[in-house]
Amino acid sequence: MDDDMADRKNRDKPDKLDEVIAGARRQRELREQTYREQALKLYPWVCGRCGREFDRKNLRELTVHHRDHNHDNNPPDGSNWELLCLYCHDNEHSRYLDNQAGSMVTKDERHSISTHRPFADLQKLLKKKND
Ligand SMILES: [Zn+2]
Ligand SMILES: [Zn+2]
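Because the structure is predicted, anything quoted here is derived from the model rather than measured.

On to the coordination of the zinc ion (ligand 2), then. Those protein atoms acting as donors to the zinc ion (ligand 2) are His65 (ND1), His89 (NE2) and His93 (NE2), and they sit at 2.0 to 2.1 Å. Written as a sequence motif, the donor arrangement for the zinc ion (ligand 2) is H-x23-H-x3-H. Of this pair, His89 and His93 both sit in helix H3 (residues 86-99), four residues apart, which is roughly one turn of that helix. Judged by relative accessible area, which is 7%, His89 ranks as buried. By relative accessible area, which is 9% here, His93 ends up buried.

To continue, consider the coordination of the zinc ion (ligand 1). At this site the zinc ion (ligand 1) is bound by Cys47 (SG), Cys50 (SG), Cys85 (SG) and Cys88 (SG), with donor distances of 2.3 to 2.4 Å. Angles of 103 to 117 degrees at the metal separate the four donor atoms of the zinc ion (ligand 1), which places the site in the tetrahedral class. If you list the donors of the zinc ion (ligand 1) from N- to C-terminus, the spacing comes out as C-x2-C-x34-C-x2-C. The residues Cys85 and Cys88 share a single accessibility class, namely buried.

A word on a nonpolar patch on the surface. Residues Leu17, Val20 and Ile21 make up a contiguous nonpolar surface patch of about 280 Å² in total accessible area. Assignment of secondary structure puts Ile21 in helix H2 (residues 16-42). Residue class for Ile21 comes out partly exposed when judged on its relative accessible area of 40%.

This part takes up the nonpolar core. Judged by nonpolar contacts, the single largest core of 13 residues is most densely connected at Cys47, Phe54, Leu62, Val64 and Leu83. Looking at this core, the elements that each hand over two or more residues are H2, strand S1 (62-66) and strand S2 (81-85). No other element matches the four residues that S2 contributes to this core. Residues in contact with Leu83, not counting those within four places in the same chain, are Ala39, Leu40, Tyr43, Pro44, Trp45, Val46, Cys47, Gly48, Leu62, Thr63 and Val64.

All right, on to the side chain of Glu92 then. Mapped onto the elements, Glu92 comes out in helix H3. Setting aside anything within four residues of it in sequence, one finds Glu92 in contact with Arg49, His65, His69 and Leu84.

Rules behind the numbers
- Residues numbered from 1 in each chain as written.
- Chains lettered and ligands numbered in written order.
- Predicted model: local features only at pLDDT ≥ 70, side-chain atom pairs only at ≥ 80, totals over all residues.
- Heavy atoms only, no water.
- Donors = N, O, S within 2.8 Å, 3.2 Å for Na, K, Ca; no water.
- Helix = DSSP H or I, 4+ residues; strand = E, 2+ residues; numbered from the N terminus.
- Buried < 20%, exposed > 50% of the residue type's maximum accessible area, 1.4 Å probe, protein only.
- Tetrahedral: all angles 85-135°; square planar, octahedral: opposite > 155°, others 65-115°.
- Patch = residues over 30% accessible without salt bridge, like charges linked within 9 Å, V, L, I, M, F, W, Y side chains within 5 Å.
- Areas by Shrake-Rupley, 256 points an atom, 1.4 Å probe, with all protein chains shown as cover.
- Salt bridge = Lys/Arg side-chain N within 4 Å of Asp/Glu carboxyl O.
- Core = buried A, V, L, I, M, F, W, Y, C linked by side-chain atoms within 4.5 Å.
- Contact = heavy atoms within 4.5 Å.

Here it is, written out as structure tokens:
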């Protein structure tokens, strides 16, 4: 096993930048997992918009929304979190982007947000947030 590890190190030396990025990603994933867990402990598993109820089987579809849209703002009392189902969460972000029309969001982006399927939008939003 040790030989294997040494072998891998020699074959492709990890790039410093890659390492930093990977580290940051791990941190972020860890943080997201943590606030999600905290939020799920704090709040009943119900969508705050449509009232849909969740259990362990479909809990993946219940997401943690940040009320101020700042994912770095995670007060331990949960005041910045809201549990939303995927659909309502997507809605919430579309509305937020609409409100910012003309400032941060370009015309093209707004156009694609209003025409794409909700899940595609969500993916896009999540991706953008994470970048
Ligand atoms: Zn909902
Ligand atoms: Zn959100």
